[in-house]
Amino acid sequence: MNLLEASGLTAFYGDFQALYGIDFAVAPGEVVAIIGANGAGKSTFLRGLAGLVRTAGGIRFDGAAIDHLPAHVIARRGLALVPEGRRLFPSLSVEENLAIGGDRAGAGPWSLDVVLELFPMLHERRRAPATALSGGQQQMVAIGRALMSNPRLLLCDELSLGLAPTVVKDIYAVFPRIRANGAAIVVVEQDIGQALGAADRVYCFQEGRVSLSGHPRELGREQISQAYFGLH
Amino acid sequence: MINLVDTLLQGSLLGGRYALMALGLSLAFGIMRLVNIAHGDFIVLAAYLALVTVQALGLHPLAALLIVVPILALLGYAVQRGLLNRAVARDIMPALLITFGLSVIIQNGLLEVFSADSRRLQAGNLSSIGLSLGEGVSIGWFPLMTLLIAALVIAGLEQFLRRTRLGRAFRAVSDDPEIVQLMGYDPHHIYALAMAVAFATVGIAGVLFGIGTIFDPALGPPQLLFAFEAVIIGGLGSLWGTLAGAMVLGVAQAIGFRVDPGWGILFGHVAFLVILAVRPQGLFPRTRDA
């Protein structure tokens, strides 16, 4: 059975329709990438799954419908979002930013110590204000904060945006650990190479629709660029 | 010289009263960016509540705190959850209008029930005894106690905001109410709890206000004004700043009273305007907003 299933998902911003009938599934423990150009609806889709954007259609998580639930209830069910732009709490220290992620957590493998072990460079900066860190370190805090809730599914929005390639590599390097601790991962990514390298399956979004989906190894380069840019 | 010392002392002590009144306003603004126009009326309402409690149970007014503070906290939760949550987050204007409406309702409700007669909470000789600090300088026990309570409440709130889980959630929701939901917190509940804490301080302020001065149903708006000035002078969102702002206001008023008994309030307003013109961010603004 799939961990997450979205069927015929639509979303609007006022009169503007951002998503047109998205069908999407994630199996337990799977890493799924969503690629697509700016404005393709990737972020809206993740925000819709997390309950931050109102959607129509259906979302089932762990066998239960969640699309009518408020975001804080969805979060407690084990669906965590690392938002675009990291969105750390500026008044909180690094450690507090991490800890608050675990305030309403169920039992699971993640704790402050485990997260600090996953990102050792946060350890010595844990008393610093979150905004004093470099972009890459802030991204680590954002991921750690989401992990603190012991999620079954981790949604990551634009992890590599604005970060140096070596930093991006460091961040993707923790995926196997996250997976080994029982979470499936969905990454929204503009860096296609990074996305294809990390993912078991990939969806390409174009103008609010799924234009292509499959296993990275089975998809040709041309096929992907066509689905990405809408070139024919 | 003695006059100056005495004036500064009396002004600072007066600041304790204003600080206590301003705390709830400062908290609500710091956490929710919400300005409660009915703040002063809730202070007066708390004083009347204490009056009823004292009369019904024969308690000392200070003991009425044990009843008034929890009731105000519950009221704060209900007002936020039932009314203000619908308005907050969108814009500052709807909350202003709603609380303005509450202000009118509370004043008229109190007038209807208690009439326009002035009242006072009788606290024996607590409000009249003083402490002599040498020639010509003496301070009242009650204003001193009020200032100490204000400082204690602020210290307690600071520790609460810094060290507890709920305090952390208050700071986080103030930073980013959307992302707090991803942490499993319902921002509406957190806002209502924050208002409950703010109203608890209103309860304390109201009881001490009722002991310190005679009051009537129309006294809410001036208290709001003093509280507002203290918050702005001190810098938005900083509790110790609010205490400092309240003391500046108190000292300015005390100097005014010394110059001419009719000028005290005016001097307070002038000090407020001067600081607003010279240092609009206040004396101690929260660093991240600066």
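Rules of the game
Residues numbered from 1 in each chain as written. Chains lettered and ligands numbered in written order. Predicted model: local features only at pLDDT ≥ 70, side-chain atom pairs only at ≥ 80, totals over all residues. Helix = DSSP H or I, 4+ residues; strand = E, 2+ residues; numbered from the N terminus. Rg over C-alpha atoms; globule rule 2.2 N^0.38 Å. Buried ≥ 20, exposed ≤ 12 C-beta atoms within 10 Å, placed from the backbone. Contact = placed C-beta atoms within 7 Å. Nonpolar A, V, L, I, M, F, W, Y, C, P; charged D, E, K, R; others polar. Pairing = 2+ DSSP bridges. Axes fitted to C-alpha atoms, helices over the stretch in contact; angles between N-to-C directions. Expected span 1.5 Å × (residues − 1).

**Student:** I'm lost on the overall build of chain A in this one. Help?
**Tutor:** Helices and strands together make up the secondary structure of chain A, namely nine helices and 10 strands. Rg of the C-alpha trace for chain A: 17 Å, near the compact-globule value of 17 Å for 232 residues, within the 12% margin. Summarising its shape, the C-alpha atoms of chain A cover approximately 50 × 40 × 35 Å along the three principal directions. Out of the 232 residues in chain A, the part that is buried amounts to 46%.

**Student:** Explanation requested: unusual backbone geometry in the structure shown.
**Tutor:** Comment: phi is negative for the bulk of residues other than glycine, and the bulk of peptide bonds are trans. Positive phi, normally seen in glycine, also occurs at E207 of chain A, with a value near 50 degrees. If you trace the backbone, E207 of chain A turns up in the loop between strand 9 (201–206) and strand 10 (209–214). The exposure class assigned to E207 of chain A is partly exposed, which follows from the 15 C-beta atoms found within 10 Å. A positive phi is found at R33 of chain B, a non-glycine position, where the angle reads about 55 degrees. Mapped onto the secondary structure, R33 of chain B falls in the loop between helix 1 (2–32) and helix 2 (39–57). A tally of 16 C-beta atoms within 10 Å means that R33 of chain B is categorised as partly exposed.

**Student:** Is there a simple way to think about the interface of chain B and chain A in this case?
**Tutor:** Quite often, the size of an interface is put as the accessible area lost when its parts meet. In this assembly, 17 residues from chain B lie in contact with 21 residues from chain A. Secondary structure elements with two or more residues in the side of chain B that touches chain A: helix 6 (165–175) and helix 7 (177–182) of chain B. Ranked by residue count, the leading element in the side of chain B that touches chain A is helix 6 of chain B, at seven residues. Looking at the side of chain B that touches chain A residue by residue, the class counts come to six nonpolar, three polar and eight charged.

**Student:** Mind showing me how you'd approach the sheet that holds strand 1 (residues 4–13) of chain A here?
**Tutor:** Across a sheet, paired strands are connected by hydrogen bonds in the backbone, their directions being either parallel or antiparallel. All names here are of chain A. The strand order across the open sheet formed by four strands is 2-1-4-5, and the pairing between neighbours is antiparallel. Looking along the sheet, the strands with just one partner apiece sit at the ends: strand 2 (16–26) and strand 5 (64–65). Sheet strands touched by helix 1 (residues 42–50): strand 1, strand 2 and strand 4 (55–61). Its angle to strand 2, the strand with the most contacts, is close to 70 degrees.

**Student:** Explain helix 9 (residues 220–234) of chain B here, please?
**Tutor:** Each α-helix winds once per 3.6 residues, and so residues spaced three or four apart point in a common direction. Residues and elements named next belong to chain B. Taking 1.5 Å of rise per residue, the 15 residues of helix 9 would be expected to cover 21 Å, and the 21 Å separating its terminal C-alpha atoms lies within 8% of that figure. Along helix 9, the residues classified as buried are G220, Q223, L224, F226, A227, F228, E229, A230, V231, I232, I233 and G234. Structurally, helix 9 contributes buried residues whose contacts are with helix 1, helix 2, helix 4 (92–114), helix 10 (239–259) and helix 11 (264–278). One or two steps after helix 9, the chain reaches G235, where phi turns positive at roughly 110 degrees.

Any functional reading would require information that these geometric values do not contain.
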